[in-house]
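Below are the chains, spelled out letter by letter.
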Amino acid sequence: MSKVITSEEVIKHNSNDSVWMVIRNDVYDVTSFLEEHPGGEETLLEVAGQDATQAFDDVGHSEDAKELLKKYKIGSLPPGETMPNVVPQQKPNCCEKVKQIVMVSSVVAGAILVAIVLRKYLASN
Ligand code: HEM
């Protein structure tokens, strides 16, 4: 029986170190195939951690390619589960936000500090 792998797990494998993708609800680990792929490494990386069914079909892969798929299959999504259409590249957004918060906080903290120093300075005069 094929191993059940959730979409959340697939999404995590979206970097050069580990490339998983879903084609027709089956999960494939193509990490070791990256360099061998006749269509190039980049094409596979673009759909890493995502549903690659459309991309795979659009190329019109040969029967040999479809046969080769079996070699990389590691499991299937739970019955009825599909991959969310979200591109898992929202981390920079999150970090941008954190950076913004840190920056605003430092400005506010700086202003308070200046105010305290000024008050002390004015009070001593
Ligand atoms: C495990 C998944 C995949 C396997 C086993 C695979 C295998 C292959 C093979 C054997 C070829 C040589 C041509 C053929 O036999 O059809 C090929 C070509 C190609 N593949 Fe894939 N492929 C996979 C996934 C993908 C995906 C997801 C994409 C697109 C995002 C893609 C894009 C291409 C392109 C652009 C070519 C070149 C077509 C050409 O120059 O004629 N492949 N692939």
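Residues numbered from 1 in each chain as written. Predicted model: local features only at pLDDT ≥ 70, side-chain atom pairs only at ≥ 80, totals over all residues. Heavy atoms only, no water.

1. A look at the site of the ligand
Keep this limit in mind: Here, proximity means that at least one heavy atom of the residue falls within 4 Å of the molecule or strand. Counting of polar contacts relies on pairs of N or O atoms within 3.5 Å, with two restrictions inside protein: one atom must be capable of donating a hydrogen and the other of accepting it, and residues adjacent in sequence are counted only when both atoms are side-chain atoms. Each helix is a run of H or I in the DSSP string that is no shorter than four residues. Each strand is a run of E no shorter than two, and both are numbered from the N terminus.
Near the ligand there are 17 residues, and of these His37, Gly39, His61, Ser62 and Leu69 occur at the shortest range. Between the ligand and the protein, one listed contact pairs a nitrogen atom with a side-chain N or O atom of His61 at 2.8 Å. In the model, an oxygen atom of the ligand is placed 2.5 Å from a nitrogen or oxygen of the Ser62 side chain. At the level of secondary structure, the elements contributing two or more residues to the shell around the ligand comprise α2 (41-46), α3 (53-59) and α4 (63-72). Sorting elements by how many residues they give to the shell around the ligand places α3 first, with three residues.

2. Some points on the side chain of His37
To be explicit about the condition: Summary of the burial criterion: residues with accessible area below 20% of their type's maximum are buried, those above 50% are exposed, and those between are partly exposed, where the area comes from a 1.4 Å probe applied to protein chains only.
On the secondary structure map, His37 appears in the loop between β3 (26-29) and α2. A relative accessible area of 13% means that His37 is categorised as buried. Among the polar contacts made by the side chain of His37, one reaches the main-chain carbonyl oxygen of Gly40 at a distance of 2.8 Å.

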